[in-house]
Structure formats: structure tokens, C-alpha cells
Amino acid sequence: MWSKLPHIVLKYRLILIISLAVVTAVMAYMARDVQMAFNFNTAVPSTDENYIYFQKFKERFGEDGNILVVGTKDSALYELDNFNAYKELSDSIAATEGISNVISLASLQNVVKNTENRSFDLTPLIPDYPKTQDELDSLLDEALKLKFYTGQLLNPENGATLILINMEREVLNSKDRNGLVRSIQQMGEAFSAETGVELHYSGMPFVRTVMQEKTNKELRLFIVLSLAITALILFLFFRSWVSVMVPLIVISVVVVWVLGTVGIFNYKINVLTGLIPSIIVVIGIPNAVYLINKYHQEFVKHGNKTRALSRMVRKIGLVTFITNFTTAIGFLVLLTTDIKLLKEFGMVAGINILATFIVSIILIPGILSYLPPPKDNQLKHLEFKIVGKFLTLLDLLVHRHRYRVFGATAVIVTVAVIGLTKLYSVAYMVDDIPEKSTLKQDLYFFEDNFSGVMPLEIIIDFGKPKSTINARNLRNVDRLERALEPLENVSTPVSIVSFAKAVRQAFYNGNERFYGLPSPSDRNVILSYLSNQSNNANFLSSFVDSTGQVMRVSLKVADIGSVRMDSLINNVVEPEIEKVFGDNEEVQTAVTGSTLLFVKGNKFLIENLRMTLLLAFAIIAVIMAVLFANFRMIIISLIPNFIPLIMTAGIMGYFGIPLKPSTALIFSIAFGISVDDSIHFLAKYRQELFAKNFFVPIAISNSIKETGSSMLYTSIILFFGFVIFVFSDFGGTVALGLLTSLTLFFAMLTNLTLLPALLMVFDSGKRDKNFHPLIEHYEFYIEDEDEEIDTQNLLIKENDPFIGTTEK
């Protein structure tokens with residue numbers, strides 16, 4: 001098959017190039033409607049019981065993460081003109097399409113006793129704009145007496161207050177959300193410009209909008225940066241615009257294919273899939289480097305362009321496929337997880353890394369066949385003195401100081417293992433955002449003044465319809481809420497108990513001393529008032545399901561990280577629930593909400609990524625076994641690629657970089673890429689063994705000198721290609737780029753020093769002449785068996801402007 005590949009690629013190049021153009025056009029068409037992801041992406045699989053329960057919760061009570069909060073802490077707010085502007089802001093937001101409800105200090109609803117109808121009414125505390133400062137001060141005093149809002153809407157200790165903006169569910173998970181959030185911000189900015197009162201924004205809709213817009217912006221930024229940096233490096237290496245433009249054409253085609261693949265599978269662009277085009281740019285360039293470098297090396301030997309192209313395809317074709325396949329393995333193993341986010345990332349990346357081989361092996365020789373032969377100035381990179389001296393130095397190091405290489409490696413690995421023991425795992429809901437960013441500082445504002453904005457829900461099923469208003473049940477829930485209220489980083493709970501207390505306060509004409517559950521002496525009277533309530537369902541629907549059997553207790557918590565959050569839920573909240581309801585077999589309780597799913601999802605992600613890394617190791621080890629059919633060679637080939645991973649993990653431990661989904665991805669991706677250098681080196685080494693009568697030292701020297709330059713070029717491109725991610729606003733993306741770059745740099749060094757040193761010591765060079773493993777069966781590096789191609793089919797007339805001269 002591979003011996004026929006040059007003939008097919010070169011003879012039918014026009015047909016193949018046109019076919020690629022057609023496929024690319026189709027992919028571009030499929031990519032036209034690709035959208036950004038607007039919904040909440042959880043890492044918990046849809047089959048998980050917590051996920052299923054959360055979906056049931058949303059069916060009963062609606063979204064738990066649909067509230068955008070706008071907060072301020074400024075005494076100037078309570079000046080008459082500023083407060084009236086604040087009320088106007090609140091009213092304007094409430095009138096905006098897509099907003100279902102707004103609660104603020106300026107629009108407080110007060111529960112008032114209606115003695116005539118023996119019922120309770122909801123009336124605005126501030127129905128009109130106050131006319132005087134005294135009137136405003138009086139109304140504010142009344143607001144402070146409404147204990148229902150204390151800790152939820154008002155912080156009586158420092159005057160901080162919130163606007164709670166409830167978004168409609170249809171808007172929350174659509175592109176209209178971004179426009180709505182921007183509209184609210186513009187209203188807020190106009191208010192701040194008028195009054196000088198600073199506003200802070202947070203809540204899940206706001207956080208998701210900011211993260212999604214940053215993802216969209218960075219998708220474009222990193223494509224441009226990756227193309228620019230690779231073009232610059234290619235030009236510095238090859239000093240030829242042909243050697244720059246041809247790889248960029250290949251990569252541009254594959255980027256279109258990436259977006260087309262997203263469209264075909266009906267995926268959406270999220271924080272992970274948004275990185276794929278840039279990753280493809282970086283990973284795809286090494287194909288071009290190896291192919292063009294081999295083409296130039298062959299052309300220098302005999303000056304025949306057609307033969308050089310033929311040998312380039314034949315000698316590099318299979319090894320390029322294998323290296324692309326091992327790189328794709330690092331992504332495709334993500335398909336074994338139960339996490340939709342990772343599956344989509346693995347599917348799109350894996351498919352298009354394999355597609356990169358197809359596009360490269362067709363376009364690069366095809367385009368080069370239509371261009372003039374390389375000129376002398378385009379071949380100077382083959383004699384790049386700095387690279388040559390560096391490779392000579394490595395060659396001497398391997399031959400004369402290989403045991404020092406082993407010693408240095410042992411010391412480095414020991415130090416890295418110590419650092420690895422310091423590695424820990426943690427993630428935050430608003431993760432990867434710079435500490436000094438407005439989003440993070442605003443989040444801290446809400447945590448300092450209102451204990452946070454992250455939703456956490458406690459569901460209590462009493463087992464019987466209408467049992468949520470049972471006096472004993474209400475007392476038990478009140479007992480639970482009083483146990484949770486003093487907790488650090490947890491807001492005051494809100495439930496039907498809070499409402500019952502507010503109703504009792506209203507019954508006693510707003511006297512704040514009576515804010516508490518109805519007592520035996522007034523319970524029946526208050527219940528009779530509630531029974532006359534025509535819109536009673538409106539009071540209760542947010543707290544109790546339609547049957548009156550299931551109650552919701554809502555909390556807001558600070559973004560304290562997955563470890564502390566897990567401890568809070570499992571070691572504090574759930575034990576308190578057990579204390580109150582553990583003895584009642586009829587009562588079923590559960591903790592749910594976006595926050596709980598995040599904690600569980602983070603654990604699930606880390607566990608799955610560990611398994612996929614092990615799976616990638618196993619699959620690549622099998623590939624090495626198939627290629628070499630020699631256990632010793634398998635071990636020799638894997639050791640130089642394990643050590644960089646240990647070094648990176650050690651660096652993470654020493655510098656306190658936590659293991660989280662974005663950083664855990666580094667290891668499988670980097671391993672799949674770094675093993676490519678080993679395959680290229682070992683393939684050349686096998687060829688040199690046959691050519692030099694199985695004399696290991698010379699075979700190693702020649703392998704370092706010929707493949708070393710390509711390994712250096714590709715490693716530098718990969719290093720700077722991933723380093724561009726340090727320009728991200730997401731800390732996880734920065735860590736992914738920087739640590740992957742370091743891992744690949746370490747892998748280049750180990751593959752150019754430790755790998756040949758291991759071969760010098762542990763490989764005798766002897767081979768069984770009657771047994772040929774796959775790597776020898778295909779003979780993709782054998783010099784003297786190059787297939788003759790019908791060059792007449794490749795010749796173009798002498799006056800052809802694309803060629804300039806006719807091949808002989």
C-alpha cells in the first residue's frame with residue numbers, strides 16, 4: 001500500500017487537489033451556522049443520579065442559576081436623587097424583554113394584613129419616587145424592619161444592597177442572553193455615570209456570558225496568533241516563502257474542516273472546542289516540516305524534483321501517519337469518558353488530526369510538483385551551522401557521556417517525583433479568571449457582603465401531599481435553617497419557613513419582633529387569613545411543588561473551591577440534615593443544584609482524565625509493540641516520553657499549580673505528541689542500522705544528524721505554538737499552553753539525548769533476518785528500493801509558468 005502511495009499522490013494530484021477543494025467547500029458550508037455554547041456545560045453524565053435529580057428539580061422549581069445580581073455598597077445611594085435614579089434603573093430592567101422578575105430595595109414587596117378581607121396582600125413598599133430625603137429615610141427604616149430580606153437583599157451592617165434579576169429560561173440558554181446582559185450593563189453604566197455610585201455584577205447568567213464572550217474572542221485571537229507564529233518560525237528556519245505558504249494552506253484547510261466537523265455533529269463552540277483550531281495549527285505544522293525537510297534533503301542528493309517528491313512521500317508517508325495517529329490517540333481516548341464536553345473535544349480534535357495527515361500528504365507533494373525545483377537559497381537551512389553544531393554536541397554527549405546522561409536524568413526524575421507528591425486537585429466555579437479582573441473582584445464583593453452567589457439547594461420530600469405546611473415540619477426546617485445560617489461562606493437560607501415568618505410579622509402589622517413561625521396561639525388565625533388568599537399559589541410556588549409535598553430550601557454559597565465545597569456539603573450540610581430528619585423514615589432529603597453538580601463534575605473529570613491517560617499509554621504501547629515487535633524497544637521508546645510528564649507534574653507540585661480539568665488534559669495531549677519524535681528517530685535509526693551493517697554508534701550518529709534538525713524545528717514550533725495560550729484570560733488555558741510547551745521541550749531533549757543513550761547501552765543492533773516487524777515490513781526508510789514513478793505523467797511543457805524547467 002505505502003509503496004504505491006507516491007504514485008497515487010503524484011500521478012493523480014490534480015484530481016486529489018480538486019477533491020480536497022470540494023470537501024473543504026462542503027465543510028465551509030457546514031460551518032456556516034456553528035454557534036457558541038450558551039447552555040450550562042456540566043461534566044456529570046446524564047445517567048448520574050445527581051444529574052437526574054437536578055433535572056427533576058428544574059422541572060419542579062425552574063432554573064437555580066437564572067439570577068443575575070447587581071450590587072453596590074455606597075452611602076451616596078441613599079441620597080434622594082441617587083435613590084430615585086436607582087429606582088428608575090430597577091424599573092427599566094424590570095421592563096426589559098426577557099426579564100421575568102426584579103427584586104431590589106427600590107421595588108420591595110411588603111406583605112400587608114388586609115383586615116377587611118381577612119387575607120394578606122403584596123404591596124410595594126416604595127410605590128412612587130420619594131419627594132424628600134425625610135420621606136426616603138422613613139421608607140428605608142421600614143425596609144430594614146422586613147427581616148425576610150435581611151441577608152438576601154440588604155446587608156444591615158454596611159448598607160450593601162442587591163438587585164436580583166430573574167431571567168426567563170428561554171433567554172438564559174440562548175444567544176439573546178448576551179445581548180440582554182449587555183443591555184443591563186449599559187443601563188448600570190448610565191446610572192453610575194449619573195450618580196457616581198459603582199455597581200458590581202455577578203450571578204451565573206453574567207458569569208456564563210463573560211466566559212462565553214471571552215471564549216469567542218480567544219477563538220479568533222489564537223487562530224491568528226498560531227498562524228502568525230508558525231509562519232514566522234517556518235520562515236526563520238527555511239528562509240523561503242514557499243516553505244511558509246504551503247504549510248499554511250494545509251493548515252487553513254484543516255481549520256475549515258474543524259469548524260465543518262463541529263457543524264456536522266451539531267456541536268457548539270465551548271471553552272474546549274474553541275481551542276481545537278489553534279491546536280490543529282500547531283500540531284499540523286510538524287507534518288509539513290518533516291515532509292519539506294525530507295524533500296530538500298533528497299533533492300540535494302540528486303537534483304531530481306520528481307524523485308525527491310516520490311521518496312519524500314514513500315519514506316515519510318507511513319511514519320507521518322503513525323505519528324498523527326499516536327497524537328490523535330491522546331484526544332480520541334476522551335471518547336471513552338461519560339462526559340459530553342470531553343467527548344466532543346476528543347471527537348473533533350481526533351478526527352481532524354487524522355485528517356491533517358490526508359490533507360498534508362495530498363497538498364504538500366501536489367503543490368510542490370507544480371512549483372519550480374528549490375533554489376540554492378531555499379536549501380541553505382540544511383547547512384544551518386548553529387543547528388549542526390548543536391546536534392554534533394548532542395552526538396558527542398550521547399557517545400562519550402551517556403552514563404552522565406543517565407545520572408542527570410535520575411536526579412531530575414527524583415526531584416520531580418518529590419514535587420509530584422505536592423500535587424493537589426482543586427477547581428473553582430468561576431475558574432481560570434485573573435485575580436485582578438473585574439469579574440473576579442465583583443465576585444469577591446458579593447462573597448464579602450452576601451456570602452456568595454453560587455446556588456445550592458436542599459430538597460425535602462415529606463412523603464404526603466400538603467405536608468409542607470405542617471407545623472412540626474416547619475419547625476424542623478426552621479431548626480435546619482438556624483443550624484446552617486451561622487456557617488461561613490453560606491447565605492441565610494430561604495424557604496417557605498421564611499415566608500411563614502414574614503406572614504406572621506405582617507399579621508402583627510410589620511412588628512419585627514414577631515418575625516418567626518406562627519405559635520400555637522396565632523397559628524389558626526394566620527392560617528385562616530392564608531386560606532382566603534386568592535393568589536396563594538403565587539406566594540408558595542417558588543418554595544413548594546404543586547402537590548405541597550416537596551419543599552425547597554435555597555442557599556447561596558461562596559466560590560470556595562471544589563475541595564472545600566465538597567467538605568462543606570458532605571461534612572457539614574448533609575450531617576445537619578441528617579440530625580434533623582434522620583429519624584423520620586417518611587422524609588426524603590437531597591442536596592442538589594449547579595454547585596453540587598460542579599463539585600461532582602470536577603471529581604468525575606479528574607478521574608476520567610486519569611483513566612484516559614492510562615488508556616493512551618496502553619494504546620501507544622501496543623502501537624510500539626506492533627511496529628517493533630521487541631519488548632526492549634517498546635520500553636526504550638516509552639521511557640523518554642514518560643519522564644517529561646513526571647517533570648511537568650513535579651513543576652506543578654512545586655509551583656502550586658492544581659490538577660484540574662484544564663491541566664489534567666496536558667498529559668494525554670503532550671504524550672500523544674511527544675511520542676512522535678521517538679517514532680521518527682527510531683524509524684531513521686532502523687534504516688541506518690540496515691545501511692551501516694547494524695553498527696549502532698554510526699546508526700545513532702546519522703539518526704541524530706538527519707532527524708535531529710526536523711525534531712528541533714517541530715519542537716520549537718510546538719513550543720511557541722502552545723505558548724501563545726499564555727495570552728488567554730483563562731488561567732486554565734494559560735496553564736495548558738505553558739505546561740504543554742514545557743513538556744514538549746523536555747520531550748525533545750529526552751528524545752535527542754536519553755533515547756539514543758539508551759539505544760547505545762541496551763540495543764546490540766542485531767536483528768533476526770528471517771523475522772521482520774511492521775516497521776521493517778513496510779520498509780519506509782530503505783534507500784535502495786525507491787519505486788520508479790512514470791515521470792512522463794508528471795512532466796509539464798517547458799513553457800509552463802508554474803515549473804519553469806522540465807524534469808528529466
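Our structure's up above, just so we're on the same page.
Calculation criteria
- Here the residue index of a chain counts from 1 through its sequence in written order.
- In keeping with the model being predicted, local features are shown solely for residues with a pLDDT of at least 70 and side-chain atom pairs are shown and tallied solely at 80 or more, while totals for entire chains, interfaces and linings include all residues.
- Working from all heavy atoms in the structure, the side-chain values ignore hydrogens and water.
- Here a salt bridge means any side-chain nitrogen of Lys or Arg lying within 4 Å of a carboxyl oxygen belonging to Asp or Glu.
- Strands are runs of DSSP state E lasting at least 2 residues, helices are runs of H or I lasting at least 4, and numbering of each runs from the N terminus.
- Strand pairing requires that DSSP identify at least two bridges connecting the strands.
- Burial classification: accessible surface area is computed with a 1.4 Å probe over protein chains only, and a residue below 20% of its type maximum counts as buried, one above 50% as exposed, and the rest as partly exposed.
- What makes two residues a contact is simply this: any of their non-hydrogen atoms within 4.5 Å.
- Helix axes use the C-alpha atoms of the stretch in contact, all axes being lines fitted to C-alpha atoms, and the angles between their N-to-C directions lie in the range 0 to 180 degrees.
- For our purposes a nonpolar core is just a set of buried Ala, Val, Leu, Ile, Met, Phe, Trp, Tyr and Cys residues, chained together by side-chain atoms within 4.5 Å.
- Two rings from Phe, Tyr or Trp (for Trp, the six-membered ring) form a pair when their centres are within 6.5 Å of each other. A pair whose planes differ by under 30 degrees is stacked, one over 60 is edge-to-face, and the rest are tilted.

Chemist: I'm lost on the pattern of salt bridges in this one. Help?
Modeler: A side chain of one charge can pair with a side chain of the opposite charge when the charged atoms of the two come close. In the structure shown here, the tally under the stated rule is 16 salt bridges. One salt bridge connects R482 with D478, and the closest N-O pair in it is separated by 3.2 Å. In this pair, R482 and D478 both sit in helix α16 (residues 471–484), four residues apart, roughly one turn of the helix. Three or more residues joined by partner-sharing salt bridges are found here, namely K294, E298, K301, R311, K684, E688 and E706.

Chemist: Looking at this structure, how should I read the pairing of strand β3 (residues 109–114)?
Modeler: Strand residues, when the strand is regular, have side chains that alternate between the two faces of the sheet. Sheet topology places β3 next to strand β4 (residues 119–124); six bridges connect them, and they run antiparallel. Looking at the pairing, K113 lines up with F120 of β4. Here β3 folds back onto β4, and the loop between the two strands holds four residues, one of which, R118, carries a positive phi near 50°.

Chemist: Looking at this model, I keep getting lost on the environment of D432. Mind explaining?
Modeler: Within the secondary structure, D432 sits in the loop between α14 (402–420) and α15 (438–450). With relative accessibility at 18%, the residue D432 sits in the buried group. With 381 residues separating them along the chain, D432 and Y51 place their C-alpha atoms 24 Å apart. If near-sequence neighbours (up to four positions away) are discounted, D432 is found in contact with K660, S662, D729, F730, G731 and G732.

Chemist: For this particular structure, what's the right way to read the sheet that holds strand β5 (residues 161–167)?
Modeler: Strands belonging to one sheet form pairs held by backbone hydrogen bonds; the direction of such a pair is parallel or antiparallel. With respect to topology, four strands assemble into an open sheet ordered β2-β5-β1-β6, the strand pairing being antiparallel. What marks the edges here is a single partner per strand, and that holds for β2 (99–104) and β6 (200–202). Going across the sheet, the axis of each strand differs from the next one's by a mean of 15°, ignoring polarity. Against the sheet, helix α8 (residues 204–238) touches β1 (67–72), β5 and β6, its axis set at about 95° to β1.

Chemist: Just to check I follow, could you spell out the nonpolar core for this structure?
Modeler: Grouped burial of nonpolar side chains is what soluble globular proteins tend to show. Counting 141 residues, the largest nonpolar core has F345, I364 and L665 as the members making the most contacts within it. Setting aside chain neighbours within four positions, we find L665 in contact with L272, L334, L342, F345, L609 and L736.

Chemist: Just checking my understanding: could you explain the packing of aromatic side chains for this structure?
Modeler: Here a ring pair, both rings aromatic, is described through the centre-centre distance and the interplanar angle of the planes. All chains considered together, the criterion is met by 26 aromatic pairs. Plain terms: the ring middles of F462 and F581 are 6.2 Å apart, the flat faces sit at 70° to each other, and that makes the pair edge-to-face. Within this pair, whereas F462 is found in the loop between β7 (454–461) and α16, its partner F581 is found in helix α20 (residues 562–581), the two being separated by 119 residues in sequence. For F581, a relative accessible area of 5% puts it in the buried group. Both rings, one in F507 and one in Y508, keep their centres 5.2 Å apart while their planes meet at 90°; by these two values the pair is edge-to-face.

Everything listed here is a matter of geometry and, on its own, says nothing about what the molecule does.
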